[in-house]
Amino acid sequence: MADALKIGVAGLGTVGASLVRILHQRSNALTVACGRPIIVTAVSARDKTKDRGIAMDGILWFDDPVTMAETADIDVFVELVGGAEGAAEQSVRTALTRGLHVVTANKALLSRHGVELAKLAEAKGCLLNYEAAVAGGIPVIKTLRESLTGNNFSRIYGIMNGTCNYILTRMEREGLSFADCLKEAQRLGYAEADPSFDIEGNDTAHKLSILTTLAFGCEIAADQIYLEGITNISIEDIHAAADLGYRIKLLGVAQKTESGIEQRVHPTMVPHDSVIAQVDGVTNAVALESDILGELLMVGPGAGGNATASAVLGDVTDIAKSRPGAQNVPVLGRPAHLLDAYRQAEMQSHEGGYFIRLTVQDRTGVFASIATRMAENAISLESIVQHAKEPATADRPQTIILVTHATMESAVRKAVGAIKGEGYLIGEPQVIRIERPKG
Ligand code: NAP
Ligand code: HSE
């Protein structure tokens, strides 16, 4: 039997503690599967006194993950600390520089430094595996990086943040408040250390930027993603969407267009009868559309200790099974120095359907004025309805809901801008894009 694979785990929170527990509980089966034992020889976290429900006998403790990456007797450095900079970034860089294989679940780090780190790993002949960084337990990285080589992708999209999907589902199903749903997602270990990364859409953007690179062979461009989170989605929007035959999901979408690659993250209305509309709670879904394969939809647990640790474990066991001298899979699907420059398509030229909810003063001519502003911008309407509140009085606000046929983002922004100038609008208009799955 080959020598044991020695691993050091930095970060013993939701994911790290689950990983160490599973490695301990499944050690015999893992040894058989990999042909060698996998042992945790070192760990690092901030608070040595915290009870994490894991056996620490014979494991060396480090307060500082960078020192662990520099000095521990390990073959693999597993980074489960989090954050794009600081201890996570320095320790991963140190481990790769030292020639250690690295496994990380850190999408924030990869979206910011992924290309440099991939170049470093490739120069050192090390593996840098990150299955858990996107869509939790769904093996989408391996699928894109290894199984679908040779396919040309036209669009990839999906529900990539378990916290947001959990919040939207519980708001819709149980009428709970946004704040209560978020608190529960935090308690369950789904949310990021700073949950604004979840609800403002940044976490989805980090994940989308990684998938975009794998699918389209371009450099990571997380800062060129159009971004809207779910904080402005109200129960009223969710109900209005349902009345029209849609559900609201936070989607990340990357699409090839004639002018470049469109990357966007925003609340999205998807047809109620589509598979992605049925994806509820912490579950994630990623759809990949390509020329050879067609459409592949992968659905599974998107966050939480065990689901994420399962993906980390897969990365660790791939390293345990790899043989010295074998060629490594390129970190980002193709050698990092051969990635194309990213060419951004402008959001203004995005084309699709739109849901627009307007709260207006109930006066004569408002309805006609809205229809006129739309027509002036060549926007064709699928429907326009007034949700009249009884009794109708001059000072009682009314809700008008429009659904457009496919139109340009620039036209919608112009029309909504013109409506805002008319003086009858109460509060901000709500604009939600509509996305249609293929087929
Ligand atoms: P977490 O529960 O907040 O755990 C973070 C761990 O890192 C804690 O053990 C903490 O130590 C340790 N840590 C933080 N700063 C440190 C520092 N400067 N030096 C040493 N240790 C430090 O986070 P998590 O949810 O496990 O997430 C870990 C990573 O996985 C993140 O990159 C996250 O984005 C990613 N991820 C999480 C999930 C999920 O469902 N939770 C899913 C996919 C990916 P103490 O325990 O002593 O405070
Ligand atoms: N906070 C993330 C989520 C964890 O809710 O999806 C998984 O990446």
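So, here's what we can say about the structure. Because the structure is a prediction, the values reported are computed rather than measured.

**As for the overall build of the chain**
The helix and strand tally for the chain stands at 14 helices and 17 strands. On C-alpha atoms alone, the chain measures out to a radius of gyration of 24 Å, which is about the 22 Å that the 2.2 N^0.38 rule sets for 439 residues. Its C-alpha atoms give the chain principal-axis dimensions of roughly 80 × 45 × 35 Å. Counting over 439 residues, the chain shows a buried share of 54%. The long-range share in the chain, meaning contacts at least 24 apart out of those at least 6 apart in sequence, stands at 74%. Summed over all atoms, the accessible surface of the chain reaches about 18,400 Å², with 50% contributed by carbon and sulfur. Separation between the mean location of the 41 positive side-chain charges and that of the 52 negative ones in the chain comes to 3 Å.

**Looking at the site of ligand 2**
Close contacts around ligand 2 come from 13 residues, with Lys107, Thr163, Tyr190, Glu192 and Lys207 the closest. Gly162 has a polar backbone atom sitting 2.7 Å from an oxygen atom of ligand 2. Within the backbone of Tyr190, a nitrogen or oxygen atom sits 2.7 Å from a nitrogen atom of ligand 2. Isolated, ligand 2 exposes 260 Å² of accessible area, and the fraction of that covered by the protein chains is 94%. Taken together, the elements giving at least two residues each to the shell around ligand 2 come down to α7 (162-174) and α10 (202-216).

**Let's talk about the pattern of salt bridges**
Evaluation of the coordinates by the stated rule reveals 28 salt bridges. Across the pair Arg187 and Glu184 runs a salt bridge, and its minimum N-O distance is 2.7 Å. Note that Arg187 and Glu184 are positioned in helix α8 (residues 178-187) at a spacing of three residues, about one turn of the helix. Put simply, Glu236 and Arg357 hold a salt bridge, and the shortest N to O gap is 3.5 Å. Taken together, the residues span a long stretch of sequence, with Glu236 in helix α11 (residues 235-243) and Arg357 in strand β13 (residues 351-360) at a distance of 121 residues. You can call Glu236 partly exposed: its relative accessible area is 38%.

**Considerations on the sheet that holds strand β1 (residues 5-10)**
Strand pairing in a sheet takes place through backbone hydrogen bonds and is either antiparallel or parallel in direction. Pairing is parallel across the open sheet formed by six strands, whose spatial order is β3-β2-β1-β4-β5-β6. In this open sheet, the two strands that pair with only one neighbour each are β3 (60-62) and β6 (128-129).

**Details of the environment of Ala45**
Among the structural elements, Ala45 can be located in the loop between β2 (38-44) and β3. Once residues within four sequence positions are removed from consideration, Ala45 is found in contact with Leu12, Arg52, Trp61, Phe62 and Asp63.

Conventions we followed
Residues numbered from 1 in each chain as written. Chains lettered and ligands numbered in written order. Predicted model: local features only at pLDDT ≥ 70, side-chain atom pairs only at ≥ 80, totals over all residues. Heavy atoms only, no water. Helix = DSSP H or I, 4+ residues; strand = E, 2+ residues; numbered from the N terminus. Rg over C-alpha atoms; globule rule 2.2 N^0.38 Å. Buried < 20%, exposed > 50% of the residue type's maximum accessible area, 1.4 Å probe, protein only. Contact = heavy atoms within 4.5 Å. Areas by Shrake-Rupley, 256 points an atom, 1.4 Å probe, with all protein chains shown as cover. Lys, Arg positive; Asp, Glu negative; His and termini not counted. Charge placed at Lys NZ, Arg CZ, Asp CG, Glu CD. Near = heavy atom within 4 Å. Polar contact = N/O pair within 3.5 Å; in protein donor to acceptor, adjacent residues only side chain to side chain. Salt bridge = Lys/Arg side-chain N within 4 Å of Asp/Glu carboxyl O. Pairing = 2+ DSSP bridges.

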